[in-house]
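The lines below spell out each chain.
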Amino acid sequence: AIIVPGPVYDVSNPDAAPTVSSTLQRNIPSIIGGVLGVFGINAALKYIDKGSVSVSEAFQNPQFGVVFAIQIVAGLLGLGLSLGALSSPVFLRVSVVISIGSFFLAPFLMFLYSSLLDGRGSVTECLSLSINYGRRHYLILLGFSIVMGLIFVAGFLPCGLGLIVVMPALFLMQATAYRQISGGLVRNL
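Before going into details, it helps to say that this report is about the structure given with it. Sequence order as written defines the numbering, with residues in each chain counted from 1. The model is predicted, so local features are restricted to residues of pLDDT at least 70 and side-chain atom pairs to those at 80 or more, both for listing and for counting; the totals for chains, interfaces and linings are taken over all residues. Excluded from the side-chain calculation are hydrogens and water; included are all heavy atoms of the structure.

Turning our eyes to something else, we now look at the nonpolar core. Definition of nonpolar core: a set of buried residues of the types Ala, Val, Leu, Ile, Met, Phe, Trp, Tyr and Cys, connected through side-chain atoms within 4.5 Å. Exposed residues in this analysis have more than 50% of their type's maximum accessible area, buried residues have under 20%, and partly exposed residues fall in between, with area computed by a 1.4 Å probe over protein chains only. Counting residues in hydrophobic clusters, the biggest one holds 25 residues, and the most contacted among them are Leu45, Phe111 and Leu117. When residues of this core are traced back to their parent elements, those giving at least two are helix H1 (20-50), helix H3 (64-87), helix H5 (112-117), helix H6 (123-136), helix H7 (138-156) and helix H8 (163-182). Only DSSP runs of H or I covering at least 4 residues are called helices, and only runs of E covering at least 2 are called strands; the numbering of each starts at the N terminus. For this core, the element with the highest residue contribution is H8, accounting for 7 residues. Setting aside anything within four residues of it in sequence, one finds Leu117 in contact with Val38, Ile41, Asn42, Leu45, Asn61, Gln63, Phe64 and Val67. Contacts between residues were defined by any pair of non-hydrogen atoms, one from each residue, lying within 4.5 Å.

Structure below.
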């Protein structure tokens, strides 16, 4: 076996199934991105409200614990599906169906974190708000998700360096959409 940065590859068997450790390693960027994403959404909401935000303000919100707890539960479910997909073709099919279904459910859950970070209520109240926003504006939010996804992919094209510009823009887009849909005031940026 040859050790390279990342998982261990068996040169004698290039078609070997991924291991548990390689699956965990593949999920580390998602975990880091999810944590930074929460801070980014919080900073964008504060920027939309005030016109400026300091670095320390981006990391201050009493709801961070709740949002991170939701992310941990969702991450563990996703990790369980990933690990299950390694061991069984049935789990692989289930993972594919869930991935496709999550695309169509995205408008209903798009503003859950924004509502929580905005202090709109408990988790169930914010989930209900997010579902109601999605129900009232489903096609618009589905199109918005597609546009945001395409912009995100475009940020990856220059070896991922485009994400330095694209991610803050996406956070501001989402915060502006949240403020418009939730009936809040939106300043001219």
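Still more ground to cover, so stick around.
Phi is mostly negative for residues that are not glycine, and the peptide bonds are mostly trans. Residues other than glycine seldom take positive phi values, yet Cys159 does so here, at roughly 60°. Take Cys159: it is sitting in the loop between H7 and H8. By relative accessible area, Cys159 is classed as exposed at 76%.

Now for the packing of aromatic side chains. Here is the rule: rings of Phe, Tyr and Trp (six-membered ring for Trp) pair when centre to centre is within 6.5 Å. Planes less than 30 degrees apart are stacked, more than 60 are edge-to-face, and the remainder are tilted. Taken as a whole and assessed by the stated rule, the structure comprises 10 aromatic pairs. Taking 5.7 Å as the distance between ring centres and 70° as the angle between the ring planes, the aromatic pair formed by Phe39 and Phe68 counts as edge-to-face. Here Phe39, found in helix H1, pairs with Phe68, found in helix H3; they are 29 residues apart in sequence, far enough to count as distant. Look at Tyr133 and Tyr178: their rings are 6.4 Å apart centre to centre, the planes differ by 70°, and that puts the pair in the edge-to-face class. In this pair, Tyr133 sits in helix H6 while Tyr178 sits in helix H8, placing the two residues 45 residues apart along the sequence. For the pair Tyr133 and Tyr178, a shared accessibility class is recorded, and that class is buried.

Below, the discussion takes up the packing of helix H4 (residues 89-109) against H6. Packing of H4 against H6 brings their axes to within 6 Å, and their N-to-C directions diverge by 115°. Overall, the two elements H4 and H6 adopt an arrangement that is roughly perpendicular. Where H4 abuts H6, its residues Pro107, Phe108 and Leu109 lie against Leu127, Ser130, Ile131, Gly134 and Arg135. Its residues assigned to classes, the contact of H4 with H6 shows 5 nonpolar, 2 polar and 1 charged. Axis geometry follows a simple rule: fit a line to the C-alpha atoms, using only the stretch in contact for helices, then measure angles between N-to-C directions, giving values from 0 to 180 degrees. Working definition: roughly parallel below 35 degrees, roughly antiparallel above 145 degrees, roughly perpendicular at 65 to 115 degrees, and oblique for all remaining angles. Gly counts as polar in this scheme, as do all residues outside two lists: the nonpolar Ala, Val, Leu, Ile, Met, Phe, Trp, Tyr, Cys and Pro, and the charged Asp, Glu, Lys and Arg.

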